[in-house]
Amino acid sequence: MENYGLINQLAQYLITGITVGSIYAIVGIGFNIIYNATEIINFAQGEFVMLGGLVMVTLVHTVHLPMPLAFLITIAIVTLVGLLMERLAIFPLKETSVMRLVIMTIALSILIKGLAMFVWGKNSFALKPFSGDTPLSLLGASIVPQTLWIIGITVLLVVLLSLFFGRTIIGKAMSACADNLEAASLVGINAQRMVMLSFMLSAGLGAVAGMIITPMALMEYDRGAMLALKGFGACILGGLGNFYGAVVAGILLGLIESYGAGLISSGYKDALALGALLLVLFIKPSGLLGSAEASKLKKF
Amino acid sequence: MFQSENILEISSLTKAFGGLVAIFDLDFTVSRGIIKAIIGPNGAGKTTLFNLISGVLSSDTGDIIFNGQPVTKYKPHQLAERGISRTFQTVELFSEMTVLQNVMIGRHIRTRKGVLSVGLKLPASRREERAIFEKARYYLDFVGLEEKADQEAGNLPLGQQKLLEIARALATEPKLLLLDEPAAGLNETETEMAAQLFKVIRDEGITIILVEHDMNLVMNVAEEVLVLDYGRKIADDKPEVVRSDPEVINAYLGVDIEYA
Amino acid sequence: MGRRNLIGILFFSIFILLFPLVGRISAVSHYVDIMIFVGLTAMITMGLSLLMGYAGQISLGHAAFYGLGAYTSGILTAKYGINPWPALLAGIFLSAAVAVIVGSPSLKLRGHYLAMATLAFGEIIYIIFNETVSLTEGPDGFGNIPHLSIFGFKFESILANYYLVWAVAIIMLIFLLNIIHSRVGRALSSIHGSEIAAMTMGVNASRYKIQVFVISAAMASVAGSLYAHYVQFINPPVFDLFFSIKLLMMVIIGGMASVWGAIIGAALITFLPEWLLFLEDFDILAYGLVLLLIIIFLPKGLFSLPGILYRSVTPRLKSRS
Ligand SMILES: Nc1ncnc2c1ncn2[C@@H]1O[C@H](COP(=O)(O)OP(=O)(O)OP(=O)(O)O)[C@@H](O)[C@H]1O
Ligand SMILES: [Mg+2]
């Protein structure tokens, strides 16, 4: 009976880890998409997630839109924010240092956070789960249905994105852009349009992450930075610019946190995850799946 | 102390970039105190060879013996310390620093004071700074750029930038000086003066390896000429012998002598 | 270090000397207190600007060294009754040692990887401050840290602390300017000019990167110790990641490759919330906006502003004559 309880618990941690890790993975992918097009780390990535959650809350609970419709409108709105951000703040700075652009994204994240506080105030908001909250039982662990939504949507996103980057012309163009900006413009890919698209795409992704996590974790105006941090961790641990790297690393970080909190100490769970990240970087400076060759070609 | 007769001995040196073999199984030596020229068509591997000797690139196979000591896998700063210095085909100055400061960097490897000592301006570090300054002025003087000392290096005309690179390289007190196309872009009088300068440097006891396309300059200053083509040695001899070597003429003029 | 810097230091010292006169104006009398924090922050940003602007390395973990200094001083003096001066030294040694251990593998990392590594390091230290409750009292923090004193004089008043902090900051400024105008500073800037030429001139970049990292860590540690003895109370939030990010922002906004810029950046970002106080809850919005505008309109940072103004005025003067 004792053992059975332990196994149940381990299963529970597994599911929590994968759920949290999925969110990190999506945020990490968002970082990668922009990094690939521009070499910058967009520290406002977490704000997209925050906006996704809060806009959805408003559309569902204040405007009373049906969930699927609210879902789509939220994506559209946050994507628009991504577009505006690129057009108004990043695009005008072209021909500048990566460092300055990164600092710009920090300023933008503060600004968006301020705007969100202006609109929603400082309270935390709840969002009703996508399909009720009667727990299901799986592998002896009890899980809320929202968990399945999170994992399912993450899997769906990963599949869709790999199809997008592997099969469609725009997707391939974005990857080509990633490999070599100048060469891409030589073969007629409009690099600037790709940068714009990258901001829109990763804003949309962030919005999805925000919407699926809010029913489980609430959302408030200043959550973005913490989420960005974890996503950044996932994207570095996986290897900058590496799509699957971010997925693997995001889930890995989620698992370390979840098992660390359950088995060792909840206070040190973040330290454990970050310590693991440091260890990996010291051994393999380009991340788990990153290639040292590729990263040498980049300035950052 | 025993000094080997050759300052540089290179054996079976090979370097490939992906599929492209830039240097292939190269053997040659450079005797102490001479000017040796390396010539060859564009893309023959001359600059790559300099990059290997100065440690900027590491070879795939082969050995480099400098001053009697194997230095094959050494880092650039270790080689600089042992006495190899160089200039660059595409000028590589610290363009935002002054001319004098550029040469002062050349003294870096010959000076010692660390962060704490310079931060606190300890007397020893003041003395060292003074010495760096004076030596740097000396080498500027040596190449005739003393009047440009306080100008920004990037603002000099190309000919003077090339001279500045030589002054900076000399400031490291090298035993072996590698010059990569020092006369490219110079006019006739400047080239003539450069030739004189190279001879003076050699007479000071510094061995020079000179990569150069200007045949007149090569024939004028070099005691030996090594000819490269597609990364291989096709001749290595006195200038007058090399000049009449059919294979060299073939490589250079693209004329197939046997069938001509 | 050049005449311009000498004159700069002279005028700046006079400014610092006279600044407390604003204390007589009641509306801004608390500015002297804020200036103490500017001085403490500037000690960190100056070191960071050497690290970023000259050694080309980024750090998002310097709040941790600030914290290591503060906690070492705080714990040793308040809990073990050790004299503050050796405690301050202990903080420096601890920070320097940690910087060597973390710096050696980290500084091999490039760009964003280095940013993440230093960030992770800072966050881990922050978590340790929170979790080792027996030593640090955790999130509650602890007080009873004594003021510094020397030859029987106790640095108790705001004014005494102001002069102490700024004297140390100016000494650090001179120290850094000396480094910049030495073989070490030249070596560091040569790497930006041409990495390949620097290499073949024998500049061993990695060695200086570590040294500068350690020095900047030690300076942050001193700032932390002085903070602890001035405020007499420490708790973790002061040393969190967002402070590290702020430090980075100060350096960039001030003008990255200039220690003077680092002081200006520290002053602006430290005073800004004070000036935006009247906006109440919307200060964060204005804060973001100000940053945005500076980044857009002053690409080389605030320190370039006088030059830009000068250049825009001189042609007019010339055309008049
Ligand atoms: N870093 C590199 N990566 C890939 N290929 C290289 C690299 N450096 C040189 N090459 C190639 O190696 C070959 C030799 O180049 P190298 O620059 O050594 O020739 P060179 O003899 O100096 O020519 P030139 O007279 O034009 O200066 C060329 O085909 C060149 O394209
Ligand atoms: Mg060449």
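Residues numbered from 1 in each chain as written. Chains lettered and ligands numbered in written order. Predicted model: local features only at pLDDT ≥ 70, side-chain atom pairs only at ≥ 80, totals over all residues. Heavy atoms only, no water.

**Quick notes on the overall build of chain B**
Link 1 in the chain: Of the regular secondary structure elements, chain B holds 10 helices and 10 strands.
Link 2 in the chain: For 260 residues, the compact-globule estimate of 2.2 N^0.38 gives 18 Å, and chain B sits close to it at 19 Å.
Link 3 in the chain: Each of the three principal axes of chain B carries a C-alpha extent, and together these read 70 × 40 × 40 Å.
Link 4 in the chain: Relative to its 260 residues, chain B shows a buried fraction of 49%.
Link 5 in the chain: If you take every contact in chain B between residues at least 6 apart in sequence, the share linking residues at least 24 apart comes to 68%.
Link 6 in the chain: Of the accessible surface of chain B, which amounts to about 12100 Å², a share of 50% is contributed by carbon and sulfur atoms.
Link 7 in the chain: Between the averaged position of the 28 positive side-chain charges in chain B and that of its 38 negative side-chain charges there is a distance of 10 Å. (Helix = DSSP H or I, 4+ residues; strand = E, 2+ residues; numbered from the N terminus. Rg over C-alpha atoms; globule rule 2.2 N^0.38 Å. Buried < 20%, exposed > 50% of the residue type's maximum accessible area, 1.4 Å probe, protein only. Contact = heavy atoms within 4.5 Å. Areas by Shrake-Rupley, 256 points an atom, 1.4 Å probe, with all protein chains shown as cover. Lys, Arg positive; Asp, Glu negative; His and termini not counted. Charge placed at Lys NZ, Arg CZ, Asp CG, Glu CD.)

**Quick look at the overall build of chain C**
Link 1 in the chain: Tallying secondary structure elements over chain C gives 14 helices and 2 strands in all.
Link 2 in the chain: Computed over C-alpha atoms, the radius of gyration of chain C comes to 20 Å, within 12% of the 20 Å expected from 2.2 N^0.38 for 321 residues, which places it in the range of a compact globule.
Link 3 in the chain: Once the C-alpha set of chain C is aligned to its principal axes, its extents read approximately 70 × 55 × 45 Å.
Link 4 in the chain: Each of the 321 residues in chain C was classed as buried or not, and the buried ones make up 59%.
Link 5 in the chain: Relative to all contacts within chain C whose residues are 6 or more apart in sequence, the contacts with residues 24 or more apart total 78%.
Link 6 in the chain: Accessible surface, chain C: about 13100 Å² in total, of which carbon and sulfur atoms supply 69%.
Link 7 in the chain: Taking the average place of the 17 positive charges on the side chains of chain C and the average place of its 12 negative ones, the gap between the two points comes to 26 Å.

**Let's talk about the pairing of strand β4 (residues 61–66) of chain B**
Along a regular strand, successive side chains alternate from one face of the sheet to the other.
Residues and elements named next belong to chain B.
Link 1 in the chain: Here 5 bridges tie strand β1 (residues 6–17) to β4, and the two strands are oriented antiparallel to one another. Bridge pairing links serine 11 to aspartate 63 in β4.
Link 2 in the chain: Where β4 and strand β5 (residues 69–70) come together, 2 bridges link them in antiparallel fashion. From the neighbouring strand, phenylalanine 66 faces β5, where its bridge partner is glutamine 69.
Link 3 in the chain: Hairpin geometry of β4 and β5 is characterised by an intervening segment of 2 residues between the two adjacent antiparallel strands and by a positive phi of about 55° at asparagine 67. (Pairing = 2+ DSSP bridges.)

**What to know about the pattern of salt bridges**
Link 1 in the chain: The full count for this structure, using the stated rule, is 15 salt bridges over all chains.
Link 2 in the chain: Of the charged contacts, one joins glutamate 165 of chain B and arginine 168 of chain B as a salt bridge, the two residues approaching to 3.6 Å between their closest N and O atoms. Within this pair, glutamate 165 of chain B and its partner arginine 168 of chain B are both found in helix α6 (residues 158–170), separated by 3 residues, close to a single helical turn.
Link 3 in the chain: Under the relative-accessibility criterion, glutamate 165 of chain B is labelled buried at 2%.
Link 4 in the chain: For arginine 168 of chain B, a relative accessible area of 0% translates into the label buried.
Link 5 in the chain: The partner of lysine 79 of chain C in a salt bridge is glutamate 137 of chain C, and the shortest N-O contact between them spans 2.7 Å. Placement of the pair is lysine 79 of chain C in helix α3 (residues 62–79) and glutamate 137 of chain C in the loop between α6 (133–136) and β1 (149–150), with a sequence separation of 58 residues.
Link 6 in the chain: With a relative accessible area of 31%, lysine 79 of chain C lands in the partly exposed category.
Link 7 in the chain: Residue classification places glutamate 137 of chain C among the partly exposed positions, given a relative accessible area of 33%.
Link 8 in the chain: Through salt bridges with shared partners, a single ionic network connects Lys230, Glu257 and Asp270 of chain A. (Salt bridge = Lys/Arg side-chain N within 4 Å of Asp/Glu carboxyl O.)

**Observations regarding the sheet that holds strand β6 (residues 84–86) of chain B**
Residue and element names in this part refer to chain B.
Link 1 in the chain: The strand order β6-β7-β8-β3-β9-β10 describes an open sheet built from 6 strands, whose pairing is mixed. Pairing within the sheet leaves two strands with one partner each, and these edge strands are β6 and β10 (232–237). In this sheet, neighbouring strand axes are inclined to one another by 20° on average, regardless of whether the strands run parallel or antiparallel.
Link 2 in the chain: Note that strand β7 (residues 176–180) and strand β8 (residues 207–211) share 5 bridges and pair parallel. In the strand pairing of β8, leucine 178 is matched with isoleucine 209. (Axes fitted to C-alpha atoms, helices over the stretch in contact; angles between N-to-C directions.)

**Some thoughts on the coordination of the magnesium ion (ligand 2)**
Residues and elements named next belong to chain B.
Link 1 in the chain: For the magnesium ion (ligand 2), every protein donor is listed as Thr47 (OG1) and Gln89 (OE1), and the spread of their distances is 1.9 to 2.0 Å. On the criterion of sequence distance, the pair formed by threonine 47 in helix α1 (residues 46–53) and glutamine 89 in the loop between β6 and α3 (99–106) is long-range, its members being 42 residues apart.
Link 2 in the chain: On the accessibility criterion, threonine 47 (26% relative accessible area) is partly exposed. (Donors = N, O, S within 2.8 Å, 3.2 Å for Na, K, Ca; no water.)

**Thoughts on the sheet that holds β1 of chain B**
All names here are of chain B.
Link 1 in the chain: Taken in spatial order, the 4 strands line up as β2-β1-β4-β5 in an open sheet, and their pairing is antiparallel. Of all strands in the sheet, those with a lone pairing partner are β2 (20–31) and β5, marking the two edges.
Link 2 in the chain: Across 8 bridges, the pairing between β1 and β2 is antiparallel. Within the sheet, the bridge partner assigned to asparagine 6 lies in β2 and is serine 31.

**As for the domain arrangement of chain B**
Residues and elements named next belong to chain B.
Link 1 in the chain: According to the domain assignment, chain B contains domain 1 (1–83 + 175–260) and domain 2 (93–173).
Link 2 in the chain: The C-alpha centroid of domain 2 is placed 27 Å from the C-alpha centroid of domain 1.
Link 3 in the chain: Counting residues at the interface gives 19 residues for domain 1 and 13 residues for domain 2.
Link 4 in the chain: The junction of domain 1 with domain 2 conceals about 1100 Å² of combined surface from both sides, 71% of it contributed by carbon and sulfur atoms.
Link 5 in the chain: Taken as a group, Glu81, Leu177 and Leu197 account for 35% of the area that domain 1 buries against domain 2, more than any other trio of residues on that side.
Link 6 in the chain: Connecting domain 1 to domain 2 are 0 salt bridges.
Link 7 in the chain: There are 3 residue pairs in polar contact (both at pLDDT 80 or more) connecting domain 1 and domain 2.
Link 8 in the chain: Per-element tally for the side of domain 1 that touches domain 2: the top contributor is helix α7 (residues 188–203), with 5 residues. (Domains from an automatic or database assignment. Buried area = accessible area lost by both parts, 1.4 Å probe. Polar contact = N/O pair within 3.5 Å; in protein donor to acceptor, adjacent residues only side chain to side chain.)

**Concerning the environment of glutamine 78 of chain B**
Residue and element names in this part refer to chain B.
Link 1 in the chain: Here glutamine 78 shows up in helix α2 (residues 76–82).
Link 2 in the chain: Glutamine 78 gets classed as partly exposed once you look at its relative accessible area, which sits at 28%.
Link 3 in the chain: Taking C-alpha positions, glutamine 78 is 28 Å from alanine 149, a pair spaced 71 residues apart along the chain.

**Notes on the site of ligand 1**
Residue and element names in this part refer to chain B.
Link 1 in the chain: Close to ligand 1 lie 13 residues; Gly43, Lys46, Thr47, Thr48 and Gln89 are nearest.
Link 2 in the chain: Within the side chain of asparagine 42, an N or O atom sits 2.9 Å from an oxygen atom of ligand 1.
Link 3 in the chain: Threonine 47 is positioned such that a nitrogen or oxygen atom in its side chain is 2.7 Å from an oxygen atom of ligand 1.
Link 4 in the chain: Surface burial for ligand 1 is 62%, taken as the share of its 630 Å² of free accessible area covered by protein chains.
Link 5 in the chain: Looking at the shell around ligand 1, the element that brings in the most residues is α1, giving 3 residues.
Link 6 in the chain: When the residues that make up the shell around ligand 1 are grouped by side-chain class, the tally is 4 nonpolar, 7 polar and 2 charged. (Near = heavy atom within 4 Å. Nonpolar A, V, L, I, M, F, W, Y, C, P; charged D, E, K, R; others polar.)

**Focus: helix α4 (residues 84–106) of chain C**
Link 1 in the chain: An ideal rise of 1.5 Å per residue puts 33 Å on 23 residues; α4 of chain C measures up with 32 Å between its terminal C-alpha atoms.
Link 2 in the chain: Between the side-chain oxygen of the N-cap and the backbone nitrogen of tryptophan 85 of chain C there are 2.8 Å, and the N-cap of α4 of chain C in question is asparagine 83 of chain C. (Expected span 1.5 Å × (residues − 1).)

**Examining the packing of aromatic side chains**
Link 1 in the chain: What the rule picks out here adds up to 31 aromatic pairs over all chains.
Link 2 in the chain: Geometrically, the ring pair formed by phenylalanine 65 of chain C and phenylalanine 213 of chain C is edge-to-face, given 5.9 Å between the ring centres and 85° between the ring planes. On the criterion of sequence distance, the pair formed by phenylalanine 65 of chain C in helix α3 and phenylalanine 213 of chain C in helix α10 (residues 205–231) is long-range, its members being 148 residues apart.
Link 3 in the chain: Classification of phenylalanine 65 of chain C as buried rests on a relative accessible area of 0%.
Link 4 in the chain: Of the residues examined, phenylalanine 213 of chain C reaches a relative accessible area of 2% and is grouped as buried.
Link 5 in the chain: Summarising the aromatic geometry, the rings of phenylalanine 153 of chain C and phenylalanine 155 of chain C are spaced 5.1 Å apart at their centres and angled 90° between planes, so their arrangement reads as edge-to-face.
Link 6 in the chain: Phenylalanine 155 of chain C sits in the buried class, given a relative accessible area of 11%.
Link 7 in the chain: Among the aromatic residues, those joined into a cluster by ring pairs are Phe37, Tyr66, Tyr71, Phe129, Phe142, Tyr227, Tyr230, Phe239 and Phe243 of chain C.
Link 8 in the chain: The cationic tip of arginine 87 of chain A hangs over the ring face of phenylalanine 91 of chain A; the distance from NZ or CZ to the ring centre is 4.2 Å.
Link 9 in the chain: Positioned above the aromatic ring of phenylalanine 142 of chain C is the side chain of lysine 79 of chain C, whose terminal nitrogen or guanidinium carbon lies 4.9 Å from the ring centre. (Phe/Tyr/Trp six-rings, centres within 6.5 Å; stacked < 30°, edge-to-face > 60°. Lys NZ or Arg CZ within 6 Å of the ring centre and 35° of its normal.)

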